[in-house]
Amino acid sequence: MLLTSIFLLVPLVVLVVYSFSGSRYATVWGGFSTQWYVRLADNVELREALWITLKLGGLSTLLATVLGTAAALGHWRLRGGGTRAVPTFFYLPVMVPEIVLGLALLIFFTKVWTVERGLWTMTAGHVVFGVCYVFAVVSARLRGFDGRLLEAARDLGATPWQAFRLVQLPMMLPGIVGGALLSLALSLDEFVISYFVTGAGISTLPVKIFAMMKKGVTPEINALATVLLMASVLLALLSIMVQGKHRAD
Amino acid sequence: MMGRSRWSWFLMLPALLWLGVFFVVPLGMTALAAFARRGEPLEWTFSMAAWAELGRGGFGVVARDPDDAAAGWRFQNEALAVGWRTFWVSVATTAGALLIGFPAALFMVRRPARWRRVLYGLIMLPLVANSLILAYAWVTLLRRDGLVEKFLRTLGVLGEDGSLGLIYTPSAVVLGMIYWYLPFMVYPVYSSLEKFDWRLMEAAADLGATAWQRLVHVLWPLALPGIMTGCLLVFVQAAGTLVFPELLGGSKTRLLGPLIHDKFLSYPENYPLGSALALALMILTTLGVWQALRVSGERKDNSVS
């Protein structure tokens, strides 16, 4: 277990340490320096890529959350009336290798529905996997929901809409938030699908990073990787704290 | 309750439509594209050219070196050689992840709850990062004059100009992928071990089973569903990976992912051939899924009887 821990930690530690190196070469230690972070902040292309990544993440998460939540609710309302096929169908996109999903969308957007590729084509792809995760998380949450609670609310004089909004929706909310966060995290990190269906001159951050890495190994990439790593760790901690708080309630 | 049912389907409709248009139709088109003619970049005319190209060279094997039998053999057919290499790299990655992940999960599940959470976080740590960044971390470690070689030189194990040639090999790709896919193995294995009733082990010990017998005949079979899920997740993803072979494999370690990528995104494009390769990849991963389901299905039958 100790060896496993070392195996897991060494690459990350090395990455972070060398981002503070003063040397131009990624594996030569040239004294402590923050120059690569300064360079990073001045990089206009990266800032643009970050903006596209955030737009893509927000847009696809919004769509995936609305569609996935509605589908999970619809599936729950059927209560297993010959609908075993529905969850299986929502499970399929996750089982297909990402690269196949990417190239299939590329063929679709060049030969079937010819559009200029860019933010919207990437959104289409990201919603495909996002909606599946939201469906899975919200469905899991709804599995424990007793439908008789809605009937009880109706008996007490609530309209169907009130019963849903005041009884069922609050109970679903942690699932919706969890699914949305998952979808957002996956979208921000997603590389292969974006790489296949993006248009000329439009790059998300992962696509941009990949291009930089193909060109060579520089401390600037280390600095960028460190920033992203810290952002991810913070997001993960945040979501753990939010969930922990819910459990405490 | 006709009304409720109609409403329910109406709620599901937008999501189903989205998946229909942007998932089912594109996949169908990919299957068709494999039988289409190569054009600019694709023409919807029936053609078997892609498959003829895939089959070029036949499916036989030839000796790697006619004068040296020990050098082994290789496939004459390029696609088959790449597919075979992809298969073995994926199997090695799955086996490696299991070899590290199973003991790790076993160790974790036996710790007190507080410890367990820390260890669990540690194992899941790579997941919060991006696979690109982790692959890159391995590049800085393994590359020529990279940190591993520098470290060994400082120790005097490696000569001043010596190089181990670590990067741009199948092993480098496997190492990077084991690192990235380890959480996908540990999570399901850990979940199945968590439900395990450890009194069974005591019972087996009381009946005279050795530690090894207990592991093989009691723990392993009951953990098998989790193990199978883990293997499945790792194998399917490893078979289709693009990032790791591109960054750690170099031009000598061609795998299916980068080969498919080139047919679509490098000049000259060949959509039909790329689609045919994608179908081959789907068949490879489906076989993996089917095999895993069969094994875990057999287990279920056994445990019932």
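Right above here is the structure, for reference.
Residues numbered from 1 in each chain as written. Chains lettered and ligands numbered in written order. Predicted model: local features only at pLDDT ≥ 70, side-chain atom pairs only at ≥ 80, totals over all residues. Heavy atoms only, no water.

Trainee: What is the right way to read the overall build of chain A from this model?
Mentor: For chain A, the count of helices and strands is 11 helices and zero strands. Helices and strands in chain A line up, N terminus first, as α-α-α-α-α-α-α-α-α-α-α. By its C-alpha atoms, chain A is 75 × 50 × 35 Å across when sized along the principal axes. Taken over 249 residues, chain A has a buried fraction of 49%. Pairs at least 24 apart in sequence give 71% of the contacts found in chain A among residues at least 6 apart. Taken as a whole, chain A presents about 12200 Å² of accessible surface, with 67% of it coming from carbon and sulfur. Averaged over its 19 positive side-chain charges, chain A has a centre that lies 3 Å from the centre of its 12 negative ones. (Helix = DSSP H or I, 4+ residues; strand = E, 2+ residues; numbered from the N terminus. Buried < 20%, exposed > 50% of the residue type's maximum accessible area, 1.4 Å probe, protein only. Contact = heavy atoms within 4.5 Å. Areas by Shrake-Rupley, 256 points an atom, 1.4 Å probe, with all protein chains shown as cover. Lys, Arg positive; Asp, Glu negative; His and termini not counted. Charge placed at Lys NZ, Arg CZ, Asp CG, Glu CD.)

Trainee: How should the overall build of chain B be read in this particular structure?
Mentor: What chain B contains, in helices and strands, is 12 helices and four strands. Dimensions of chain B along its principal axes, counting C-alpha atoms only, are 80 × 70 × 40 Å. Of all intrachain contacts in chain B linking residues separated by at least 6 positions in sequence, the fraction that spans at least 24 positions is 62%. The average position of the 26 basic charges and that of the 20 acidic charges among the side chains of chain B differ by 10 Å.

Trainee: How should I be thinking about the nonpolar core in this particular structure?
Mentor: One recurring pattern in soluble globular proteins: nonpolar side chains tend to sit buried together. Formed by 160 residues in total, the largest nonpolar core has its most connected members in V131 of chain A together with L248 of chain B. Sorting elements by how many residues they give to this core places helix α7 (residues 170–194) of chain B first, with 14 residues. (Core = buried A, V, L, I, M, F, W, Y, C linked by side-chain atoms within 4.5 Å.)

Trainee: Even after reading the chapter, I still don't get the pattern of salt bridges, so can you show me in this structure?
Mentor: Pairing of side chains with opposite charge becomes possible as their charged atoms draw close. Residues and elements named next belong to chain B. Tallied over the entire structure, the rule returns eight salt bridges over all chains. The partner of E194 in a salt bridge is R116, and the shortest N-O contact between them spans 3.9 Å. One end of the pair, E194, is in helix α7; the other, R116, is in helix α4 (residues 113–128), and 78 residues separate them in sequence. (Salt bridge = Lys/Arg side-chain N within 4 Å of Asp/Glu carboxyl O.)

Trainee: Before we go on, may I ask you to explain the side chain of S275 of chain B in this structure?
Mentor: By the secondary structure assignment, S275 of chain B is in helix α12 (residues 271–304). Note on S275 of chain B: relative accessible area 0%, which makes it buried. Residues in contact with S275 of chain B, not counting those within four places in the same chain, are I107 of chain A together with T30, A33, A34 and F264 of chain B.

Trainee: I'm lost on the packing of aromatic side chains in this one. Help?
Mentor: The description of an aromatic ring pair uses the distance of the two centres, along with the angle that the planes make with each other. Under the criterion given, the structure shown has 34 aromatic pairs over all chains. Note on F191 of chain A and Y195 of chain A: the rings are 5.0 Å apart at their centroids and 25° apart in plane angle, and the pair reads as stacked. With centroids separated by 5.4 Å and ring planes inclined at 70°, the aromatic side chains of F102 of chain B and W220 of chain B adopt a geometry described as edge-to-face. One end of the pair, F102 of chain B, is in helix α3 (residues 78–109); the other, W220 of chain B, is in helix α9 (residues 211–239), and 118 residues separate them in sequence. In this structure, R111 of chain B packs its charged tip against the face of F107 of chain B, placed 4.0 Å from the ring centre. (Phe/Tyr/Trp six-rings, centres within 6.5 Å; stacked < 30°, edge-to-face > 60°. Lys NZ or Arg CZ within 6 Å of the ring centre and 35° of its normal.)

Trainee: Can you walk me through unusual backbone geometry in this structure?
Mentor: With the exception of glycine, the majority of residues adopt a negative phi angle, and the majority of peptide bonds are in the trans configuration. Residue and element names in this part refer to chain B. At the junction of Y267 and P268, the peptide bond is cis and its omega measures out at -5° in the coordinates. Note that P268 resides in the loop between α11 (256–265) and α12. Of note, Y168 is a non-glycine position whose phi angle comes to about 60°, a positive value. Relative to the assigned elements, Y168 resides in the loop between α6 (147–155) and α7.

Trainee: Would you mind going over the interface of chain B and chain A with me for this structure?
Mentor: Accessible area lost upon the coming together of the parts is a frequently used measure of interface size. Tallying the contact residues gives 74 residues for chain B and 73 residues for chain A. Between chain B and chain A the total buried area reaches about 6500 Å² when both faces are included, carbon and sulfur atoms providing 82% of it. Connecting chain B to chain A are one salt bridge. Salt-bridge contacts for E246 of chain B lead to K214 of chain A; the nearest nitrogen and oxygen are separated by 2.5 Å. The leading source of residues in the side of chain B that touches chain A is helix α1 (residues 2–33) of chain B, at 22 residues. (Buried area = accessible area lost by both parts, 1.4 Å probe.)

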